[in-house]
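# Structure assessment
Spelled out, the chains give:
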Amino acid sequence: MRQPFLVTRFVIVVLGVISAPTDNASAQPVPEEFVPVTDSILQTPPPEDWLMWRRTLDSWGYSPLSQINRDNVDTLRLVWTRGLNRGNQQGTPLAYNGVLYMPNPGDVIQALDAVTGDLLWEHRRELPADLNEYMGGLVTTKRTIAIFDRFLLDTTGDDYLMALDATTGEMAWETQILDYQVNPALQTAGPIIANGKVISGRSCRATATPDACVITAHDAYTGAELWRRRTIPGPGEPGDESWGDVPFEERKHVGSWMVPSYDPELNLVYMGTSVTSPAPKFMLAGQENAHLYHNSTLALHADTGEIVWYYQHLNDDWDLDHPYERLLITTTMAPDEEAVSWINPRLQTGEVRKVITGIPGKTGVVYTLDRETGEFLWATPTVAQNVITHIDGATGDVTENAEVTFSALGQERLACPSWAGGKDWEAGAYSPLTHTMYFPLRNACQRLLSTTDGGSPYALAARHELAPGTDMLGTVRAISVERGTTEWLYEQRAATMSLVATGGRLLFGGDTNGRFRAFDQDSGAVLWEINLGSPVSGYPITFAVDERQYVAVSTGTAANASINLRMTPELQPSAGNNLFVFALPGQP
């Protein structure tokens, strides 16, 4: 592996070296004494806090808080709201010790009083004027940040990792990961912390070299780079042969653009990857070559970045990425043969496995793998899909539908789902109360043209449409982790967005038409609903301050929300970026 590219700048807050004149923090410090966040806290977070993207390193999207429950959620009321910065808004607030840390579009980070919504401080990173030229319009997206020790950690739009002092918003240090003018990569997701290491992925642009397609680890105290792992193998590396005769420098765009999961006991980081550029494999080394490690789950040793195992979900012609949340659950195995399409014949009913499960990609297919070894256990479709015809239960090998793949430019195909999902970046959730996982999915397909006109990095042009036989685009599907059965299905016209599960046996989630709802985890019944006016594009969370539980969610603009709204043209929400916080009335 080449030597890591490292530029670290320290600021007065940490070492008293030099200031950071190009980045601005304002307002007042966080009140009360700040308790540093440790690995122990992150691995067993207090119920009242939400300290990372999906709250826990296993990516459950679950909080044990239960003050708001099925019996009283119909009285939920708005406590405060606040406007957010302009841009592509998909933020997740972090909640710690009565403060919300809200990532806004464009690398604006705010500390807010969680009870009142008052601004405590704001940090605005001054991004280069030419950034859009290299990155494109999605560069303003900021899904999450991380917290560790006294630092808030952000993978920035200009390809740095920066640490802010959580009490003041002043920059503590920054480390350059890539030179965006040479190897541009979108850092839209954000990192996690794995035993003091900042682990992050990114979406390497098609104009970059394979060296932009990296997962990295940095020291959370200093920003020093510890390792980087390319998601495209080079000459002499395992997987190099999977690209056939494609020269190394022409291997493109295998990104890792969502947030990883982490198992502290196994010391494994789980990261998903995306499609190649171009997508149709006849333009690369042919469908018979795997083009590793695109559309795969990678299990990485957290100390070294070594790939311990991988599983490839799809040899992709259609831009059906697989980078989404991986749920880490220990479960009894009892897949229902009538409901589950593909099952490992060696699997013994009743055996207990540590699994990685969920819907990792746009196809909407549920995959359950052994998270120690990567062994395929079972998989089954959810929404309409026609790109996979078979998965070998014994090996996990996936067979793609030859009738839908491309063999020449100018060909047209109807592929299901759409490249906006199926499943997309909107997160599902898992509740240990029901042993059920819940996913926001779409009934959508796409008419694809294989073309190099129009400048698409995928060599595809698409027209998105509803799946045949339905006029309901949005769904929430409840799936048994143990059996693989659908426990209930909620369908509606508008596309559904991210979910959060709570100890009150509730499931909160929104849609592209601005509705934010509370569902009953057991039945799917809608127990409460409010119109927030704009697509509910942010990730909802719940937290508590002084024994009062709150629910927070944000709205705004998001690229695939626009795609989904075009399929439901009668729905005309506004496009305001706002943060909303709710609680029960009359609580202390």
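Our subject is the structure listed above.
Summarised in this report is the structure supplied together with it. (Residues numbered from 1 in each chain as written. Predicted model: local features only at pLDDT ≥ 70, side-chain atom pairs only at ≥ 80, totals over all residues. Heavy atoms only, no water.)

## Considering the state of the cysteines
Quick reminder of the rule: Throughout, disulfides are identified as pairs of cysteine sulfur atoms within 2.5 Å of each other. To sort residues, take the accessible area from a 1.4 Å probe on protein chains only and compare it with the maximum for the residue type: under 20% means buried, over 50% means exposed, and anything in between is partly exposed. In this description a helix means any DSSP run of H or I spanning at least four residues, a strand means any run of E spanning at least two, and both kinds are numbered starting from the N terminus.
For the structure shown, the criterion picks out two disulfides. There is a disulfide in this structure between C204 and C213, and the S-S distance comes to 2.1 Å. For the disulfide bridge between C204 and C213, the dihedral angle about the S-S bond is near 100°, and by the sign convention the bridge is right-handed. Considered together, C204 and C213 belong to a single accessibility category, that of buried residues. With a sulfur-sulfur separation of 2.1 Å, C416 is cross-linked through a disulfide to C445. Linking C416 and C445, the disulfide has an S-S dihedral of approximately 105° and is accordingly described as right-handed. Here C416 is found in the loop between β30 (412-415) and β31 (429-431), whereas its partner C445 is found in strand β33 (residues 444-450), with 29 residues between them in sequence.

## Digging into the pattern of salt bridges
What counts is decided by this rule: Salt bridge, as used here, is a side-chain nitrogen of Lys or Arg placed within 4 Å of a carboxyl oxygen of Asp or Glu.
Evaluated as defined, the whole model comprises 27 salt bridges. Between K142 and D154 there is a salt bridge; the shortest N-O distance is 2.9 Å. Residue K142 is located in the loop between α2 (131-135) and β9 (146-148), and its partner D154 is located in strand β10 (residues 151-155); the two are separated by twelve residues in the primary sequence. One connected set of salt bridges, linked through shared partners, spans R346, E351, R353, D370 and E375.

## With respect to the sheet that holds strand β36 (residues 486-492)
For the record, the criterion: One requirement defines pairing of two strands: DSSP has to find at least two bridges between them. Axis lines are fitted through C-alpha atoms, for helices just across the contact stretch, and the angle between N-to-C directions can take any value from 0 to 180 degrees.
Taken in spatial order, the four strands of this open sheet run β31-β32-β35-β36, and their pairing is antiparallel. In this open sheet, the two strands that pair with only one neighbour each are β31 and β36. Between one strand axis and the next, the sheet turns through 20° on average, direction left out of account. In this structure, strand β32 (residues 436-442) lies alongside strand β35 (residues 474-480), joined through seven bridges in antiparallel fashion. Bridged to F439 within β35 is R477.

## As for the pairing of strand β28 (residues 388-391)
Sheet topology places β28 next to strand β29 (residues 398-400); three bridges connect them, and they run antiparallel. When the bridges of β29 are listed, I391 appears paired with V398. The antiparallel pairing of β28 with β29 creates a hairpin that spans six residues between the two strands, and G396 there sits at a positive phi of about 80°.

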